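Chain and residue survey
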Amino acid sequence: MKKTKRGSEDRFIRAIEVFKKHGGVLRTTEATNAGIHPATLYSLRDAGVLERLSRGVYRLAENPPLSNPDLITVASRLPNAVICLISALSFHDITTQIPHEVCVALKYGAEEPRLDFPPIRTYRFTGKAFTEGVEIHELDAVPVRIYSPEKTLADVFKFRNKIGMDTAIEALRLYRERREVKIDSILHFASLCRVADIMKPYLETVLT
């Protein structure tokens, strides 16, 4: 019995070290690929050593509180998705809107994700409109894919009927006040998203 108990303790210690090596957050598949047996994972969860962020996502309970748990959870569950629109505006501090769900860009044709928490709203992007303008931000050691401020401005105008023109114009004004204006980058993404003609009058009024 003592040998069995000692073996369990060794497995727990190794599992905790694996979590620490990966910043304290792992998906179940990542944990098992790293050599953690599912039974060990669930035992650590039941013992309070791990906490469940979302279905299939765990973190070390001893770690400091997450700076942005919703974005980290979404990035952990949906590594190929990109944070977009209101959620990206909020991250870049160029909106007064408070996101009540995480806005997520998915490649057209991708399967609709199933998350029990946090609530998400998905938007479909194609080609370069999906792949360009992606920034990787490390949040609590978790890489989170977020569209750049300039790409997000173009996206907001593209989805203005859903987001609201007032929100789009406000984002431009706050962008001018709080960030370095990169007009060439904005125009590039405006053209990419096919909203250049719509954005130009507002760019001339707000940014000049």
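For the structure itself, consult the block above.
Report on the accompanying structure. These figures come from a predicted structure and were not determined experimentally. (Residues numbered from 1 in each chain as written. Predicted model: local features only at pLDDT ≥ 70, side-chain atom pairs only at ≥ 80, totals over all residues. Heavy atoms only, no water.)

A separate point is the environment of Val142. Topologically, Val142 is positioned in strand S8 (residues 142-147). Val142 sits in the buried class, given a relative accessible area of 7%. Here the alpha-carbon distance between Val142 and Val25, two residues 117 residues apart in the chain, equals 7.5 Å. Beyond its immediate chain neighbours, meaning those up to four positions away, Val142 contacts Val25, Ile72, Ala75, Ser76 and His137. (Helix = DSSP H or I, 4+ residues; strand = E, 2+ residues; numbered from the N terminus. Buried < 20%, exposed > 50% of the residue type's maximum accessible area, 1.4 Å probe, protein only. Contact = heavy atoms within 4.5 Å.)

The next point concerns helix H11 (residues 196-206). Turning to H11, its buried residues number three or more, namely Ala196, Met199, Leu203 and Val206. The arc enclosing the buried residues of H11, seen along the axis, measures out at 100°, which places them on a common side. Residues of H11 that are exposed and angled more than 90 degrees away from the buried face: Asp197, Glu204 and Thr205. Looking at the buried side of H11, the elements it contacts are helix H7 (149-158), helix H9 (165-178) and helix H10 (183-192). (Arc of directions from axis to C-beta.)

Right, let's talk about the side chain of Asp155 for a bit. Mapped onto the fold, Asp155 is located in helix H7. Of the residues examined, Asp155 reaches a relative accessible area of 0% and is grouped as buried. Apart from the residues within four sequence positions on either side, Asp155 is in contact with Leu85, Phe125, Tyr147 and Cys193.

A word on the sheet that holds strand S2 (residues 50-54). With respect to topology, 3 strands assemble into an open sheet ordered S1-S3-S2, the strand pairing being antiparallel. Two strands bound the open sheet, and with one partner strand each, they are strand S1 (25-27) and S2. Adjacent strand axes in the sheet meet at a mean angle of 30°, parallel and antiparallel pairs treated alike. Bridge count between S1 and strand S3 (residues 57-60): 3 bridges; the pairing is antiparallel. By the bridge assignment, Val25 is partnered in S3 with Arg59. (Pairing = 2+ DSSP bridges. Axes fitted to C-alpha atoms, helices over the stretch in contact; angles between N-to-C directions.)

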